[in-house]
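Reading the structure
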Amino acid sequence: VQLKAKSKSQLLLPPGPRPLPVLGNILQVKPRELLVSLDKFQKKYGPIFTVYFGSRPAVMLCGYEVVKEALVDNKDVFSGRGTMPLAKYVLKGYGITGSSGQRWKIMRRFALTTLRNFGMGKRSIEERIQEEAQFLMEEFVRTKGKMFDPTFLLGCAVSNIICSIVFGKRFSYNDERFLSLLSNITGGLRFMNSGWGMIFYYFHGILNHIPGPHQKGFQHFTDLKTFVHERVDESLKVLNVDSPQHFIDCFLIKMQQEKENPDTEFHKENLVGSTMNLFFAGTETTNTTLRYGFLILLKHPEIQAKIQQEIDHVIGHHHPSADDRNKMPYTEAVIHEIQRFSDIVPTGLPHSTTEDILFRGYFIPKGTDVFPVLTTVLQDPDQFPCPKVFSPERFLDDKGAIKKHIALMPFSAGKRMCPGEGLARMELFLFLTTLLQKFTLTTSISTDNLDLSAEFSSAGHLPRYYEMSVVPRQ
Ligand code: HEM
């Protein structure tokens, strides 16, 4: 909506708790209680309200209707990227996730087409996942029925998929370099999710210049960056322009093609930034979803048994393939419900308005941070009755066929929607079916004592720590 200059001064940002100068709403939105506070404000102020992170206002959008009206009905205006201090300091605004405007458009389009050429939805990637699923299965066999925490093995398997896409190689699960890469991703995420991570989010302008635990958080990202730089240098040495092997090769070729263009976005900073983005966004998310999914299946053995029945019926003893997905509505419905229930990016990532907009009677100036609070969509009781109940049947019709649901937005919506959706969904399906074809997941803890609620978190939802064991099926 175009606004006349005169009317702007009479219009206001959505209501919200009163901010203190400099500190903003830190007293009401405590760093360790972000989601609880947002829930309280939603009850008090309604589905759209403003909170201040330090002196920076951020508009919070809650519930399916409001989020859809912003991200889908006004998709261009809400397509900017909001404040992401880590992307700003570590990647200097380069890459896909932390950029806006032309740079973002070019980097995103390039990533999407390159991932597609490398097989998002095509055989090559499918085969990679199938192969990795076999490695993962062998690791599970090695546990010999003992209890173990699946985080590490799932992390290795999922990271290897993205490694093969961006670097063209997988690593063995005990490769030192690979392990330190994984620990940097976990450490970086833990920092972002910690109380300190939130304090940093509030006051990054000041904290960036002084020592403190956040510098350790930074270190994880800086180490990751060094790793990516090394891979880029290696790739450059053996690059064959006629036969690109992976994402980095494709980008390097584009850099050569555009080297005469002084304004090109195809340079090393954007290459390293985009690669880091794919790596970070593509690893922990899929791993966490699978880990949450396993916990849910341990809690609901009857659902696990139904998936196995469908596997036996549709796939039999073959390797699961992407084509099987269309024939397995129950398994698809469980995966949908795992994504809805686990709700792993509860606040969504911050967007920013690309122009002034009058939205639901409020004035949101250009450049304001806006959070599509995804948990309020995935748990919206108007869209998903009894949202706290795990029920795959929500996604099935009377005949047992899969039923699409408009409010299922674990990947967000609109122009910034996750570009890794296709890849992630294929991984979830193939890893889950390959494992359940061969094993039954069990635990010595009684199902009553398995807690499905998320561990304390601010920006991300993580399942609570658990151990499980696998029993080979006949
Ligand atoms: C279950 C797995 C995943 C979930 C739940 C997930 C979720 C999300 C969400 C909620 C966003 C924010 C969108 C927004 O700004 O509104 C996002 C962005 C992003 N995701 Fe994913 N994601 C997953 C897997 C992946 C994978 C496998 C990749 C890599 C290929 C990936 C790459 C990205 C990138 C690059 C962005 C930034 C997009 C942009 O700023 O334009 N994600 N994802």
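Residues numbered from 1 in each chain as written. Predicted model: local features only at pLDDT ≥ 70, side-chain atom pairs only at ≥ 80, totals over all residues.

So, about the overall build of the chain. Helix and strand counts for the chain come out as 16 helices and nine strands. Counting only C-alpha atoms and orienting by the principal axes, one finds that the chain spans roughly 75 × 55 × 45 Å. Taken across its 474 residues, the chain has 44% of its residues classed as buried. Looking at the chain alone, contacts between residues at least 24 apart form 74% of all its contacts between residues at least 6 apart. (Helix = DSSP H or I, 4+ residues; strand = E, 2+ residues; numbered from the N terminus. Buried ≥ 20, exposed ≤ 12 C-beta atoms within 10 Å, placed from the backbone. Contact = placed C-beta atoms within 7 Å.)

The next subject is the site of the ligand. Around the ligand, 26 residues are found, and the nearest of them are Ala281, Gly282, Ser412, Cys418 and Gly420. The greatest single-element share of the shell around the ligand, amounting to seven residues, is contributed by helix α12 (residues 268-299). For the shell around the ligand, the class distribution of residues is 14 nonpolar, nine polar and three charged. (Near = placed C-beta within 6 Å. Nonpolar A, V, L, I, M, F, W, Y, C, P; charged D, E, K, R; others polar.)

Turning our attention to the nonpolar core. Of all hydrophobic cores here, the largest spans 113 residues; its most connected members are Val51, Met60, Leu61, Ala70, Val166 and Phe431. For this core, the element with the highest residue contribution is α12, accounting for 12 residues. Those residues in contact with Phe431 that sit more than four places away from it in its chain are Ala133, Leu136, Ala157 and Leu290. (Core = buried A, V, L, I, M, F, W, Y, C linked by C-beta atoms within 7 Å.)

A few words on the UniProt feature "binding site: heme" (unreviewed entry) in the chain. If you check UniProt for "binding site: heme" (unreviewed entry), the listed places come out as Cys418 in our numbering. Positionally, Cys418 belongs in the loop between α15 (375-378) and α16 (421-438). Under the C-beta neighbour-count criterion, Cys418 is labelled partly exposed, with 18 such atoms within 10 Å. Ignoring any residue separated from it by four or fewer positions in sequence, one finds Cys418 in contact with Phe411 and Ser412. (UniProt positions renumbered as here; feature names shortened; annotations may be inferred.)

A separate point is the packing of α12 against helix α14 (residues 329-342). It is at 10 Å that the axes of α12 and α14 come closest, and there the two elements cross at 105°. Judged by the angle between their axes, α12 and α14 are roughly perpendicular. Across the interface between the two elements, Thr289, Tyr292, Gly293 and Ile296 from α12 touch Ile338, Gln339, Phe341 and Ser342 from α14. (Axes fitted to C-alpha atoms, helices over the stretch in contact; angles between N-to-C directions. Parallel < 35°, antiparallel > 145°, perpendicular 65-115°, else oblique.)

Looking now at the pairing of strand β1 (residues 48-53). Walk down a regular strand and you will see the side chains alternate between the two sheet faces. Among the six residues of β1, six are classified as buried, and the element is accordingly described as predominantly covered. By the alternation rule, side chains of β1 split into Ile48, Thr50 and Tyr52 and Phe49, Val51 and Phe53, which are all buried. Pairing analysis gives six bridges linking β1 to strand β2 (residues 56-61), with the strands arranged antiparallel. The residue bridging Thr50 from the neighbouring strand is Val59, located in β2. Taking the residues between adjacent antiparallel strands as the criterion, β1 and β2 are bridged by two residues, where Gly54 takes a positive phi near 65°. (Pairing = 2+ DSSP bridges.)

This part covers the sheet that holds β1. In spatial order, the strands read β1-β2-β7-β4-β3; together these five strands make up an open sheet with mixed pairing. With one partner strand each, in any of the chains shown, β1 and β3 (80-81) form the two edges of the open sheet. In terms of strand pairing, β3 meets strand β4 (residues 351-352) through two bridges, oriented antiparallel. Considered in β4, the bridge of Gly80 is made with Ser352. Contacts from helix α3 (residues 64-73) reach β1, β2 and β7 (369-372), with the element oriented near 125° to β7.

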